Amino acid sequence: MTLTIARQILKYATGLPEGTPLVAKELLHFGARAAVDQVLSRLAKRGALLRAARGIYLLPVNGRFGRHAPSADKTVEGVANLRGETIVSHGAAAANSLGLTTQVPMKAIYLTSGRNRRLKVGAQTVEFRHAPIWQLILPGRRAGEVLRALAWLGPEKAGEALHKLRSRLQASELEEVASTRARLPTWLAQEVSVLVAHG
């Protein structure tokens, strides 16, 4: 019985997008909760699945250089879909991608509407940090990355960063940043207003 469940779970997992987390509650159509939990645990011990956190498993990816963990970004996307959370890149990563800092984040840190926690994705540890709602606005948008970068840089450096960004952002992106002012802390709303005033 459990062998059949194991085969079914692995077959099902191979049909999912890379990085989709496997959790027992999503697999109850294959068997009772206790049996599914047991099978997931055994598959992880065998190396057929990776244990990312308690009760969360990942299917390794077969690549040119053998089996490896799915990408952290795809796993994070999978967790966001699974949990219905908003998950976005950390301000340090956003600042780096926008060319506002040459500092490359050493850890994979993401901001989330959910709780603080860690996931193990192969050799990498991905950290989720609960963040206020205003830091999670415009997920997946460049304007949202701008806001997260400015929040990370803080009041002392935000003005200078916005000055640099003015020439790099499209008018529509500047408008999108400006449209969020009512939801921002006062210091950041003021900085964004200066940006709009100068066009």
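Residues numbered from 1 in each chain as written. Predicted model: local features only at pLDDT ≥ 70, side-chain atom pairs only at ≥ 80, totals over all residues. Heavy atoms only, no water.

Novice: Describe the nonpolar core, naming the residues involved and giving the relevant values.
Specialist: Counting 27 residues, the largest nonpolar core has Leu 100, Val 146, Leu 147, Leu 150, Leu 184 and Leu 188 as the members making the most contacts within it. Among the elements of the structure, helix H4 (91-97), helix H5 (142-153), helix H6 (155-166), helix H7 (171-178) and helix H8 (186-198) are those that each provide at least two residues to this core. Counting residues per element, this core draws most heavily on H5, at seven residues. Residues in contact with Leu 150, not counting those within four places in the same chain, are Ala 158, Ala 161, Leu 162, Trp 187 and Leu 188. (Core = buried A, V, L, I, M, F, W, Y, C linked by side-chain atoms within 4.5 Å. Buried < 20%, exposed > 50% of the residue type's maximum accessible area, 1.4 Å probe, protein only. Helix = DSSP H or I, 4+ residues; strand = E, 2+ residues; numbered from the N terminus. Contact = heavy atoms within 4.5 Å.)

Novice: Before we move on, could you go through the layout of surface pockets and cite the residues and values that matter?
Specialist: The computed volume of the largest pocket comes to approximately 430 Å³. If you list the elements that add at least two residues to the lining of the largest pocket, you get helix H3 (72-83), strand S5 (87-89), H4, strand S6 (108-112) and H5. Residue classes in the lining of the largest pocket are distributed as 10 nonpolar, four polar and six charged. By volume, the second largest pocket is sized at about 290 Å³. Every residue along the wall of the second largest pocket is listed here: Val 23, Ala 24, Lys 25, Glu 26, Arg 33, Asp 37, Arg 54, Gly 55, Ile 56, Tyr 57, Leu 82 and Arg 83. Here the lining of the second largest pocket is built from residues that sort into five nonpolar, one polar and six charged. (1 Å grid on protein atoms, 1.4 Å probe; cavity = no way out; pocket = protein on both sides within 12 Å on 5 of 7 lines; lining within 4 Å. Points joined across faces, edges and corners; volume = space filled by probe spheres on them. Nonpolar A, V, L, I, M, F, W, Y, C, P; charged D, E, K, R; others polar.)

Novice: Which residues make up the packing of H5 against H7, and what are the values?
Specialist: Axis separation between H5 and H7 bottoms out at 9 Å; the angle between their running directions is 55°. Looking at the two axes, H5 sits oblique to H7. Relative to H7, the crossing made by H5 is right-handed. Contacts between H5 and H7 involve Arg 142, Ala 143, Val 146 and Leu 147 on the former and, on the latter, Glu 173, Glu 176 and Val 177. (Axes fitted to C-alpha atoms, helices over the stretch in contact; angles between N-to-C directions. Parallel < 35°, antiparallel > 145°, perpendicular 65-115°, else oblique. Left-handed = near helix turned anticlockwise from the far one by under 90°.)

Novice: Describe the environment of Thr 86, naming the residues involved and giving the relevant values.
Specialist: Turning to its location among the elements, Thr 86 is positioned in the loop between H3 and S5. Filtering out sequence-adjacent residues up to four positions away, Thr 86 remains in contact with Leu 111, Thr 112, Ser 113, Leu 136 and Pro 139.

Novice: Describe in detail H6, supporting the description with residues and values.
Specialist: The terminal C-alpha atoms of H6, which comprises 12 residues, lie 17 Å apart, in line with the 16 Å expected from a rise of 1.5 Å per residue. Considered for burial, the residues of H6 that qualify are Ala 158, Ala 161, Leu 162 and Leu 165. On an axial view of H6, the arc spanned by its buried residues comes to 105°, and they lie on one face. Of the exposed residues in H6, those oriented more than 90 degrees away from the buried face are Glu 156, Lys 157, Glu 160 and His 163. (Expected span 1.5 Å × (residues − 1). Arc of directions from axis to C-beta.)

Novice: Please set out the pairing of strand S8 (residues 124-130) residue by residue, giving values where relevant.
Specialist: For a regular strand, the rule is simple: side chains alternate between the two faces of the sheet. When S6 meets S8, the two strands line up parallel, connected through five bridges. Opposite Ala 108, over in S8, you have Val 126 as the bridge partner. Note: strand S7 (residues 117-121) against S8, five bridges, orientation antiparallel. Each residue of the ladder has a partner; that of Lys 120, found in S8, is Thr 125. (Pairing = 2+ DSSP bridges.)

Novice: Give a detailed account of the side chain of Thr 75, specifying residues and quantitative values.
Specialist: Along the polypeptide, Thr 75 turns up in helix H3. Thr 75 has contacts with Gly 19, Leu 58, Pro 70, Leu 119 and Val 121, leaving out every residue within four places of it along the chain.

Novice: Explain the packing of aromatic side chains to me, using residue names and the numbers behind them.
Specialist: Under the defined criterion, the tally for this structure stands at two aromatic pairs. Between the aromatic rings of Tyr 12 and Phe 30, the centroid separation amounts to 5.7 Å while the plane-to-plane angle is 70°, which identifies the pairing as edge-to-face. Remark: Phe 30 occurs in the loop between helix H1 (2-14) and helix H2 (33-46) and Tyr 12 occurs in helix H1; sequence separation between them is 18 residues. Ring centres of Tyr 110 and Phe 128 lie 6.3 Å apart, and the angle between their planes is 35°; this geometry places the pair in the tilted category. With a gap of 18 residues between them, Tyr 110 in strand S6 and Phe 128 in strand S8 connect regions that are remote in the sequence. The buried category is assigned to Phe 128, whose relative accessible area is 1%. Taking NZ or CZ as reference, Arg 117 lies 4.9 Å from the ring centre of Phe 128, over its face. (Phe/Tyr/Trp six-rings, centres within 6.5 Å; stacked < 30°, edge-to-face > 60°. Lys NZ or Arg CZ within 6 Å of the ring centre and 35° of its normal.)

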